[in-house]
Amino acid sequence: MKYILSLLLLVFLAFSSSITYADFFNEYVMGDDPEIVMIQDIKLTYVSFNENKEKARFNNTSYFITNIKNEAMDRYSGGMIPLYRMHDIITNLDSFVYEMNQYFSYQKKYEQTRVGIYKENAQSYLEDARWAYSRLKASLNQSSY
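Before going into details, it helps to say that this report is about the structure given with it. (Residues numbered from 1 in each chain as written. Predicted model: local features only at pLDDT ≥ 70, side-chain atom pairs only at ≥ 80, totals over all residues. Heavy atoms only, no water.)

Description of the packing of helix 3 (residues 52-77) against helix 4 (residues 83-113)
Here helix 3 crosses helix 4 at 170°, and the two axes come no closer than 11 Å. When the axes of helix 3 and helix 4 are compared, the pair comes out roughly antiparallel. Where helix 3 approaches helix 4, its residues Glu54, Arg57, Phe58, Thr61, Phe64, Ile65, Ile68, Lys69, Ala72, Met73 and Tyr76 are matched on the opposing element by Leu83, Met86, Ile89, Leu93, Phe96, Val97, Met100, Tyr103, Phe104 and Gln107. Partitioning the contact of helix 3 with helix 4 into residue classes produces 16 nonpolar, two polar and three charged. (Axes fitted to C-alpha atoms, helices over the stretch in contact; angles between N-to-C directions. Helix = DSSP H or I, 4+ residues; strand = E, 2+ residues; numbered from the N terminus. Parallel < 35°, antiparallel > 145°, perpendicular 65-115°, else oblique. Contact = heavy atoms within 4.5 Å. Nonpolar A, V, L, I, M, F, W, Y, C, P; charged D, E, K, R; others polar.)

Put into structure tokens, the structure is as follows:
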């Protein structure tokens, strides 16, 4: 009887310790979720402008992106955003940031050269950013349970 009880205790300890190791692995080995790392890697490329209007637009865009990223990470970490919806948010945010990076790049080229094609390209990317923002906004609104 002692042998059977000892065997049951050993089996119980083996199963309970494997659960502990699984948590240890996720917490200490894996670290941040890949989705958190993906959203942190989305960055607006710094561009300096001479015109105050563009300086303000850049600073406001940077502030906006930082807050969206923080809100998305907080909601995801808190379990309010499911995994598949987080990927939608990452994709749409990445698209928005890409469009804004292109806008600022062409706007800087226009500021330096005053060549009209750069201004047209900048405006085109700004319009594309508007569409990317609407997709981002929709994915953020759909993310709450």
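Focus: unusual backbone geometry
The phi angle at Arg114 is positive, at roughly 60°, despite the residue not being glycine. Structurally, Arg114 can be placed in the loop between helix 4 and helix 5 (116-141). According to the relative accessible area criterion, Arg114 is partly exposed, its value standing at 49%. (Buried < 20%, exposed > 50% of the residue type's maximum accessible area, 1.4 Å probe, protein only.)

Quick notes on the nonpolar core
If you look at the biggest cluster of nonpolar residues, it comprises 29 residues, and the most contacted ones within it are Ile39, Met86, Leu93, Phe96, Met100 and Phe104. Put simply, the parts of the chain that give this core at least two residues each are helix 2 (34-40), helix 3, helix 4 and helix 5. Sort the elements by how many residues they give to this core and helix 4 lands first, with 10 residues. Look past the residues within four positions of Phe104 in its chain and what remains in contact with it is Leu44, Val47, Phe49, Glu54, Arg57, Phe58 and Thr61. (Core = buried A, V, L, I, M, F, W, Y, C linked by side-chain atoms within 4.5 Å.)

Observations concerning helix 4
A rise of 1.5 Å per residue sets the reference length of helix 4, with its 31 residues, at 45 Å; its end C-alpha atoms lie 45 Å apart and thus fit the reference within 8%. The first or second residue beyond helix 4 is Arg114, which carries a positive phi of 60°. (Expected span 1.5 Å × (residues − 1).)

Concerning the pattern of salt bridges
A complete count under the given rule lists six salt bridges for this structure. Between Glu71 and Arg75 there is a salt bridge whose closest N-O contact spans 3.1 Å. In this pair, Glu71 and Arg75 are both assigned in helix 3, four residues apart and thus about one turn of the helix distant. One salt bridge in this structure joins Arg85 and Asp88, with 3.2 Å as the shortest N-O distance. Residue Arg85 and its partner Asp88 are both found in helix 4; the two are separated by three residues, about one turn of the helix. (Salt bridge = Lys/Arg side-chain N within 4 Å of Asp/Glu carboxyl O.)

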